[in-house]
Amino acid sequence: MMEILRLIVTIAYVLICVGLVVVVLMQEGKSAGLSGAINGVADTYWGKNKGRSMEGALNKLTKVLAVLFIVISLVLNLHWGL
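Computed from a predicted model, the values in this text were never measured in an experiment.

A. Layout of the confidence of the model for the protein. Taken residue by residue, the protein gives an average pLDDT of 81. The fraction at 70 or more is 68%. Helix α2 (residues 33–39) is the least confidently modelled element of the protein, averaging 54 in pLDDT, while helix α1 (residues 2–26) averages 94, the highest of any element.

B. Main features of α1. For α1, spanning 25 residues, the distance from its first C-alpha to its last is 36 Å, which sits close to the expected 36 Å at 1.5 Å a residue. Burial in α1 covers these residues: V9, I16, L20 and V23.

C. Representation of a nonpolar patch on the surface. On the surface, a nonpolar cluster with roughly 470 Å² of combined accessible area is contributed by V14, V18, V22, M26 and M54. Top contributing element to the nonpolar patch by residue count: α1, with 4 residues. Looking at where V22 falls in the secondary structure, it is placed in helix α1. Judged by its relative accessible area of 43%, V22 falls in the partly exposed class.

D. Representation of the environment of C17. Relative to the elements of secondary structure, C17 occurs in helix α1. Through-space distance from the C-alpha of C17 to that of A66 is 8.7 Å; in sequence the pair is 49 residues apart.

E. Broad picture of the pattern of salt bridges. Overall, the coordinates contain 1 salt bridge when judged by the stated rule. A salt bridge links E3 to R6; the nearest nitrogen and oxygen atoms lie 4.0 Å apart. Placement of both E3 and R6 in helix α1 is noted, with a separation of 3 residues, approximately one turn of the helix. The class for E3 is exposed, based on a relative accessible area of 55%.

Conventions adopted
Residues numbered from 1 in each chain as written. Predicted model: local features only at pLDDT ≥ 70, side-chain atom pairs only at ≥ 80, totals over all residues. Heavy atoms only, no water. pLDDT = per-residue confidence, 0-100. Helix = DSSP H or I, 4+ residues; strand = E, 2+ residues; numbered from the N terminus. Expected span 1.5 Å × (residues − 1). Buried < 20%, exposed > 50% of the residue type's maximum accessible area, 1.4 Å probe, protein only. Patch = residues over 30% accessible without salt bridge, like charges linked within 9 Å, V, L, I, M, F, W, Y side chains within 5 Å. Areas by Shrake-Rupley, 256 points an atom, 1.4 Å probe, with all protein chains shown as cover. Salt bridge = Lys/Arg side-chain N within 4 Å of Asp/Glu carboxyl O.

Encoded structure:
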C-alpha cells in the first residue's frame, strides 16, 4: 500500500515540476526595456489591473505550484528518504 502511495506522490511531483517549468516560461520578463521606461507602463490600464490579467493568473499559479513543489519535496525526502 505504501509503495502505491509513493508512486502516486512521485507522479504528482513530476507533473508539478513540469507544470512549474511551463508556467515560468510562459511569463513575460519583468523589465519592459527602454520602451517601457518611456511609455510609463505602470500607468496603463493593464499595469493597474495586473492581478486580473493573464500575467496575474500566471503569477498566482507559479506561487501555488512552487509551494506544492517544496511541500512534496519535503514529504518525499523526509518520509521515504529518496
